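The residues making up each chain are set out below.
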Amino acid sequence: MIKKYVFYLLFLSQYIVVTGQENKVPISLETTPFSIGETHTFYSDILKENRIINVYLPQSYAKEKEKTYPVIYLLDGSADEDFIHVAGIVQFGSFPWIKMLPESIIIGISNIDRKRDFTYPTTNEKDKKDFPTTGGSEAFISFLEKELQPFVTTNYKITTERTLIGQSLGGLLATEILWKTPDLFSNYIIVSPSLWWDDNSLLPQERIKSTIQKKVYVAVGKEGPYMESAAFSLIGRIKEDRTIVSSFTYFDGQDHSNILHKAVYEAFLHFYAPVEEKKE
């Protein structure tokens, strides 16, 4: 009986020791910030205000001194908007074992007043009432061309390839740039564009022809007949231009709120699809 009691005590003491070791919470030795990029603030003479950009740099950027990188300009590029999840797509897609797209720099353009910056003047009285600060896209496009792009060229190692990503009102702005100053960017990712603005006045306008070949990807989700028909009309107009390599996706499983991530991923698949080798 005593032997059994002693054995039980030994077993219980070992169980307590082991259990105590398993439940011991480790102590952090060091806490450091986790960063995926850098942020610049500079004054815009054109817009008469400070502007903020968030920058994602590829993993090889610091060590590859002579390498240059394509640049992706992201509208709605604040940290609490689309910058982080789009950076994740680019990082994943450029892994050597994925090779979906080349290593790229992302310039996320933070917003101050997107309704002002992304829209041209409207004659629609309801637009004016609902969005009283609108109509500043001409100044914003000038900012992109004359201030932001030169800033990026001066401070980063870049190629001449420039991609613009815009959704909703950002898609409206991207379409306006494609229509009026197409060579400002090499590639365009236009998602759920708000082409209803000013009573659909943009698409019927004559489009400035590009001097260089470019790629354009358009996407729309299950967003109602008005948004969907406008996107179909947009891709129809784009396909008339043989200098543009275009593609279109209708996402029947996505809507206006959740389409962007999937659409950007799909756009890169279209832009950088591997060319199949011709068989002899």
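Computed from a predicted model, the values in this text were never measured in an experiment.

1. A word on the environment of Lys99
- Take Lys99: it is sitting in the loop between α2 (83-93) and β4 (105-109).
- C-alpha separation for the pair Lys99 and Tyr272, spaced 173 residues apart in sequence, amounts to 8.9 Å.

2. A word on the packing of helix α5 (residues 137-155) against helix α6 (residues 169-180)
- Relative orientation of the contacting elements α5 and α6 amounts to 70°, with a least axis distance of 11 Å. The orientation of α5 with respect to α6, classified from their angle, is roughly perpendicular. For the pair α5 and α6, the contacting residues are Ser137, Phe140, Ile141 and Leu144 in the first and Leu173, Glu176 and Ile177 in the second.

3. So, the pairing of strand β7 (residues 214-221)
- A large share of β7 lies buried, amounting to 7 of its 8 residues.
- Relative to β7, strand β6 (residues 187-191) is paired through 5 bridges, and the arrangement is parallel. Across the sheet, the residue bridging to Ile190 is Val218, located in β7.
- As paired strands, β7 and strand β8 (residues 244-251) are joined by 8 bridges and run parallel to one another. Within β8, the position partnered with Lys214 by the bridge is Ile244.
- One crossover worth recording links β7 to the parallel β8 by way of helix α8 (residues 225-238), and it is right-handed.

4. Considerations on the sheet that holds strand β3 (residues 69-74)
- Taken in spatial order, the 8 strands of this open sheet run β1-β2-β4-β3-β5-β6-β7-β8, and their pairing is mixed. The open sheet has two free edges, formed respectively by β1 (38-44) and β8, since each of these has just one partner strand. The sheet shows a mean angle of 20° between the axes of neighbouring strands, taken without regard to direction.
- As paired strands, β3 and strand β5 (residues 158-167) are joined by 5 bridges and run parallel to one another. Its bridge partner being in β5, Tyr73 is matched across the sheet by Leu164.
- Contacting β1, β2 (49-56), β3, β4 and β5, α5 runs over the sheet at an angle of about 130° to β1.
- Helix-sheet contacts for α6 involve β5, β6, β7 and β8, and the interaxial angle to β6 is about 145°.

5. A look at the packing of aromatic side chains
- Within this structure, the stated rule accounts for 17 aromatic pairs.
- Between the aromatic rings of Phe232 and Tyr250, the centroid separation amounts to 6.4 Å while the plane-to-plane angle is 35°, which identifies the pairing as tilted. Here Tyr250 lies in strand β8 and Phe232 lies in helix α8, a separation of 18 residues in the sequence.
- Between the NZ or CZ atom of Lys157 and the centre of the ring of Tyr61, over which it lies, the distance is 4.3 Å.

6. Let's talk about the side chain of Thr175
- Tracing the backbone through its elements, the reader meets Thr175 in helix α6.
- Among the residues examined, Thr175 registers a relative accessible area of 0% and is labelled buried.
- Setting aside anything within four residues of it in sequence, one finds Thr175 in contact with Ile190, Pro193, Leu195, Leu202, Leu203 and Leu234.

7. Some details on the packing of α2 against helix α9 (residues 260-271)
- In contact at an axis separation of 10 Å, α2 and α9 are set at 30° when each is read in the N-to-C sense. Regarding the angle of α2 to α9, the classification is roughly parallel. Here the hand of the crossing between α2 and α9 comes out right-handed. On α9, the residues touching His85, Ile89, Val90 and Phe92 of α2 are Leu260, His261, Val264, Tyr265 and Phe268.

8. Quick word on unusual backbone geometry
- Even without glycine at this site, Lys48 takes up a positive phi of about 60°.
- Structurally, Lys48 can be placed in the loop between β1 and β2.
- Its identity as a non-glycine residue notwithstanding, Asn200 has a phi of 60°, on the positive side.
- For Asn200, the location among the structural elements is in helix α7 (residues 197-200).

Each value, and the rule that gives it
All residue numbers refer to position in the chain's written sequence, counted from 1. The predicted origin of the model limits local features to residues at a pLDDT of at least 70 and limits the giving and counting of side-chain atom pairs to 80 or more, whereas totals for whole chains, interfaces and linings rest on all residues. Based on all heavy atoms of the structure, the side-chain values leave hydrogens and waters out of the count. Put simply, DSSP H or I for four residues or longer makes a helix, DSSP E for two residues or longer makes a strand, and each gets a number counted from the N terminus. A fitted line through C-alpha atoms serves as each axis, taken over the contacting stretch for helices, and the angle formed by two N-to-C directions is quoted from 0 to 180°. The scheme is simple: roughly parallel for angles under 35 degrees, roughly antiparallel for over 145, roughly perpendicular for 65 to 115, oblique for anything else. Residues count as neighbours in contact if any of their non-hydrogen atoms are within 4.5 Å of one another. Exposure classes here rest on a 1.4 Å probe applied to the protein chains alone. A residue is buried below 20% of its type maximum, exposed above 50%, and partly exposed in between. Only strands joined by at least two bridges in the DSSP assignment are considered to pair. Orient the strands so they point away from the viewer, and a crossover whose first-strand-to-second-strand path over the helix runs clockwise is right-handed. Side-chain rings of Phe, Tyr and Trp, where Trp is taken by its six-membered ring, are said to pair if the distance between their centres is within 6.5 Å; with planes under 30 degrees apart they count as stacked, over 60 as edge-to-face, and otherwise as tilted. The rule for a charge over a ring is simple: NZ of Lys or CZ of Arg within 6 Å of the ring centre, and within 35 degrees of the ring normal. Crossings are classed by handedness, with left-handed meaning an anticlockwise turn of the near helix from the far one by less than a right angle and right-handed meaning a clockwise turn.

Bear in mind that shape data such as this cannot, by itself, settle questions of function.
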